[in-house]
Amino acid sequence: MPEETTWVDREGADRAWPGSSLRSLLGKRTADVLAKAGLVTAGDLLGWYPRDYLEARLSTARLREGEHLVVVAEVLKAVVAPVRSNPRKKLLRATVTDGTTEIDLTFFSHWGPAKDLTPGTLAVFSGRAGTFNGRWQLSHPDYQVIQDSVRHQQILPVYRSVDRLTSWQIGTAMGIVLDAVGELEDPVPDELVRRHGLCDRTTAVRLIHQPRAWGDLTTARARLRYDEALVLQTALVQRRLTAARDEGTARPGRSGGLLDAFDAALPFPLTEGQRVVGEELAHDLASPVPMHRLLQGDVGSGKTVVALRAMLQVVDSGGQAALLAPTEVLAAQHERSVRAIMGPLAEGGLLGGADEATRVVLLTGSMSADARRRALSEAASGQAGIVIGTHALIQEHVQLADLGLVVVDEQHRFGVEQRDALRAKASRPPHVLVMTATPIPRSVAMTVFGDMETAILRELPAGRSPIRTHVVRQGSGTWMARMWQVVAEAVAAGRQAYVVCGRIGDSDSPSGEETEDGFVEAPPEGVGGAAGAEDDLGARGHEGADARAGARRPDAVSLLQAYDLLVHATPQLEGVRLGLLHGRLAGDDKDAVMRRFAAGEIDVLVATTVIEVGVDVPNATVMVVLDADRFGISQLHQLRGRVGRGEHAGTCFLASTVEPTGADGDVPVAWQRLQAVAGTTDGFVLAEHDLELRGEGDVLGASQSGRRRRIRMLRLADPRDVELIAEARDDAQDLLRDDVGLAAHPRLAAWLADTLDDESAAYLERG
């Protein structure tokens with residue numbers, strides 16, 4: 001419990017301020033425990049909002065037997081008695097009341113409960129309710145004693161516990177800090193508070209921690225939600241306005257150049273979406289203000305062609321374009337695709353090259369010394385107008401003659417330092433185009449990418465075939481046999497298939513795919529980015545719920561196990577040519593496997609998620625994902641997009657050991673996700689569904705402790721919050737239009753700087 005202490009504020013009065021140390025307010029013992037959660041100052045603790053609330057007199061009148069009961073009740077009596085069958089053992093029998101009903105409790109281990117649950121004690125009890133002789137009873141329930149300091153409250157806040165501090169102890173500490181701080185400075189201009197009909201900041205913070213009625217929470221949340229929206233949008237608008245002041249180089253292109261020749265040679269017409277987005281990019285590139293755009297489109301929507309046309313416009317303007325890809329497989333795929341679609345236009349200065357051609361070079365970490373030397377020379381001399389590479393592109397010794405455009409594929413795979421290192425290779429700020437194949441809901445795009453103009457491709461090019469998706473019971477021999485039979489039939493018809501596993505071998509972690517640089521990349525996080533640590537909402541975060549329920553999940557089938565199964569225990573695939581692909585292979589070996597698969601020399605490719613994005617083999621028509629419940633919605637959607645890319649329809653099997661109904665009768669979230677993917681091929685619909693199921697995570701990241709969340713009230717799946725974010729953006733634009741540094745609003749500027757520390761600002765940059 002907090003020790004008795006005194007506090008002094010900046011002016012020396014007996015009043016604290018949000019920056020006051022918790023050690024001075026609560027004492028060393030309590031403060032040291034809170035510091036483990038990143039809670040160091042009074043302001044930190046005041047931002048540790050309750051995760052739930054309990055009513056002090058919760059009626060059990062409507063309770064049904066077998067349901068889980070959480071009740072605030074007072075102990076009427078407690079008696080330790082011997083067990084009839086074994087008098088040497090003792091148990092505690094207690095009776096509590098919630099004000100309407102008496103409930104009998106039985107504790108088979110009596111030592112702790114007998115000490116804690118004396119008559120008159122108020123506590124929260126939770127357990128599965130039953131009845132005996134017409135009375136409600138709980139057997140060995142969980143409980144938490146409520147301290148006298150908060151028992152007068154009719155609505156009790158429930159906090160996430162911190163190490164040895166319980167929710168109620170945190171509540172007591174919160175009360176001390178609230179009394180110490182008193183009135184809080186309000187960083188939001190009075191005009192905005194009045195316009196939106198909000199309460200002041202002090203009232204909001206007090207009511208969120210010490211509500212007197214349920215309506216108080218509505219009042220508090222309205223203000224705190226707006227605060228979070230405003231600080232986000234102010235930061236993003238400020239970044240956009242600051243970036244607009246940078247002087248870059250206009251890249252308007254030229255008539256009759258490389259881009260015109262490319263358009264004339266295209267074997268297919270651009271979709272309306274590709275044409276419109278292309279015009280927007282062309283307009284941005286022609287301006288000296290550096291472009292900063294997000295290009296998002298569903299699987300197969302033709303983003304690469306749009307990006308390539310932008311790169312060719314820059315080359316026509318005398319500059320170079322660099323495309324940064326997260327893996328060697330994807331970088332090599334991009335290089336092959338660009339060369340194939342450009343034809344002679346990619347063979348500048350070579351025999352057979354077109355007169356107006358440029359060169360396209362690939363730069364990865366595992367290239368041979370000679371190939372690397374040639375690529376570096378062509379990039380530095382400017383002979384190569386388009387340079388495609390992985391993290392090897394950003395190494396210090398890599399030089400570019402005149403970098404005019406940076407295209408970043410799958411932005412979430414790169415850190416700020418990596419992207420900035422590439423931008424720094426330009427003498428003046430280059431234009432930047434960020435591509436993502438993961439459709440993003442409008443609310444998330446506004447919040448995370450609000451400092452970027454957004455372009456969306458929804459229309460799919462002509463010729464894309466439909467994909468049927470089926471959820472398969474992985475534990476059923478009949479279902480699995482039929483699935484492998486479908487794979488065999490596709491191979492017999494001259495087509496190909498993928499089998500995807502989440503991990504490589506028996507001892508490796510399923511957390512991601514290893515790159516040529518030796519680190520493990522996290523799988524895509526869907527719409528939420530990296531989620532708050534307390535919610536465990538990453539791409540595979542659904543496993544957290546199973547773990548909390550105490551379920552022991554079987555290990556996922558590894559790549560090597562699956563390969564062995566297909567070779568030795570799957571008669572349907574006898575004689576089928578199999579290949580293996582994963583991130584630990586050497587770069588040349590990965591490239592060789594993909595080339596053989598693309599050439600039809602491999603029938604079934606057993607792979608990890610290294611094939612998730614960018615891989616384009618039109619003859620592949622069947623996708624099998626083993627242990628599909630361990631993947632996120634967006635990841636499954638991306639994997640499914642590897643098939644159906646040619647004239648033949650695609651089929652995707654999502655094999656899972658998850659049962660449709662859990663032990664409690666509810667439908668597991670993992671099963672809901674699989675059904676959602678099977679129910680639609682619209683990535684934007686799936687992104688919205690993913691947001692509803694998983695939440696948005698923490699769009700500002702976490703502090704180094706990994707526990708503090710900067711965004712707690714906004715719920716991006718809530719349409720009301722989407723509207724609120726839009727309103728906050730308008731407000732931020734009004735405030736910053738003629739005052740980018742917020743000189744007229746110093747309290748808002750200070751609050752923004754405090755809320756968006758360097759780490760959070762970097763997280764925003766990363767998107």
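I will try to describe carefully the structure that is included in this document. Predicted model, so just to flag it, every value in this text is computed and none were measured.

1. Overview of helix 7 (residues 201-209)
Given 3.6 residues to a turn, an α-helix orients residues that are three or four positions apart in the same direction.
Working step 1: Here helix 7 lies mainly inside the structure; seven of its nine residues are buried.
Working step 2: For helix 7, the full list of buried residues reads R201, T202, A204, V205, L207, I208 and H209.
Working step 3: Looking at the buried positions of helix 7, the neighbouring elements they touch are helix 3 (42-46), strand 1 (52-55), strand 8 (155-158), helix 5 (167-181), helix 8 (214-244) and helix 24 (746-755).
Working step 4: Its side-chain oxygen 3.1 Å from the backbone nitrogen of T202, D200 forms the N-cap of helix 7.

2. Quick look at unusual backbone geometry
Working step 1: Residues other than glycine seldom take positive phi values, yet H140 does so here, at roughly 45 degrees.
Working step 2: Within the secondary structure layout, H140 lies in the loop between strand 6 (135-139) and strand 7 (142-145).
Working step 3: Taking the relative accessible area as the measure of exposure, H140 reaches 39% and is therefore partly exposed.

3. So, the pattern of salt bridges
Working step 1: Counted under the stated rule, the structure contains 31 salt bridges.
Working step 2: Its salt-bridge partner being D186, residue R223 comes within 2.6 Å of it at the nearest N-O pair. Of this pair, R223 sits in helix 8 while D186 sits in the loop between helix 5 and helix 6 (190-195), and the two are 37 residues apart along the sequence. In this structure, R223 and D186 share a single accessibility class: buried.
Working step 3: With a shortest N-O distance of 3.1 Å, D734 and R737 are connected by a salt bridge.
Working step 4: Given the relative accessible area of 52%, R737 is considered exposed.
Working step 5: Three or more residues are tied together by salt bridges with common partners; here these are D186, R201, R223 and D227.

4. Brief notes about the sheet that holds strand 21 (residues 604-607)
Working step 1: Strand order in the open sheet formed by six strands is 16-23-22-17-21-20, with parallel pairing between adjacent strands. The sheet is open, and its two edges are formed by strand 16 (467-473) and strand 20 (578-581), each paired on a single side. Ignoring which end each strand starts from, the neighbouring axes of this sheet average 20 degrees apart.
Working step 2: Looking at chain direction, strand 17 (residues 496-500) and strand 21 are connected through four bridges and run parallel. Of the residues in strand 21, the one forming a bridge with A497 is V604.
Working step 3: Relative to the sheet, helix 19 (residues 587-598) contacts strand 17, strand 20, strand 21 and strand 22 (620-625), its axis offset from that of strand 20 by approximately 145 degrees.
Working step 4: Sitting on the sheet, helix 21 (residues 669-679) is in contact with strand 16 and strand 23 (650-656), with an inclination near 155 degrees to strand 16.

5. Topic: the pairing of strand 12 (residues 384-389)
Working step 1: Here strand 12 lies mainly inside the structure; six of its six residues are buried.
Working step 2: As paired elements, strand 10 (residues 320-324) and strand 12 share four bridges and run parallel to each other. In the strand pairing of strand 12, L323 is matched with I388.
Working step 3: In the sheet, strand 11 (residues 359-363) pairs with strand 12 via five bridges, with the strands oriented parallel. Following the sheet pairing, V361 is matched in strand 12 by V387.
Working step 4: Viewed along the sheet, the connection from strand 11 through helix 13 (residues 369-381) into strand 12 turns out right-handed.

6. With respect to the nonpolar core
Working step 1: V188, Y226, V387 and L393 are the most contacted members of the largest nonpolar core, which has 47 residues in total.
Working step 2: Looking at this core, the element that brings in the most residues is helix 8, giving seven residues.
Working step 3: Excluding anything up to four places from it in sequence, V188 contacts V193, R223, Y226, D227, L230 and W751.
Working step 4: In terms of nonpolar packing, the next biggest core, distinct from the first, is built from 38 residues, L258, L295, M311 and V360 among them.

7. Brief notes about the environment of Q672
Working step 1: As for its position among the elements, Q672 is in helix 21.
Working step 2: Since its relative accessible area comes to 30%, Q672 is described here as partly exposed.
Working step 3: Sequence separation of Q672 and L693 is 21 residues, and the distance between their C-alpha atoms is 8.6 Å.
Working step 4: Excluding residues within four positions of it along the chain, Q672 makes contact with V667, H689 and L693.

8. Quick word on helix 13
Working step 1: With 13 residues, helix 13 extends 18 Å between its outermost C-alpha atoms, agreeing within 8% with the 18 Å of an ideal straight helix rising 1.5 Å per residue.
Working step 2: Among the residues of helix 13, R372, A375, L376, E378 and A379 are the ones counted as buried. Down the axis of helix 13, the sector holding all buried residues measures 165 degrees, keeping them to one side. Seen from the open side of helix 13, the exposed residues pointing more than 90 degrees away from its buried face are A369, R373 and R374.
Working step 3: Lining the buried residues of helix 13 we find strand 10, strand 11 and strand 12.
Working step 4: Residue G382 follows helix 13 closely and has a positive phi angle near 90 degrees.

Conventions adopted
- Residues numbered from 1 in each chain as written.
- Predicted model: local features only at pLDDT ≥ 70, side-chain atom pairs only at ≥ 80, totals over all residues.
- Heavy atoms only, no water.
- Buried < 20%, exposed > 50% of the residue type's maximum accessible area, 1.4 Å probe, protein only.
- Helix = DSSP H or I, 4+ residues; strand = E, 2+ residues; numbered from the N terminus.
- Contact = heavy atoms within 4.5 Å.
- Polar contact = N/O pair within 3.5 Å; in protein donor to acceptor, adjacent residues only side chain to side chain.
- Salt bridge = Lys/Arg side-chain N within 4 Å of Asp/Glu carboxyl O.
- Pairing = 2+ DSSP bridges.
- Axes fitted to C-alpha atoms, helices over the stretch in contact; angles between N-to-C directions.
- Right-handed = clockwise from strand over helix to strand, strands pointing away.
- Core = buried A, V, L, I, M, F, W, Y, C linked by side-chain atoms within 4.5 Å.
- Expected span 1.5 Å × (residues − 1).
- Arc of directions from axis to C-beta.

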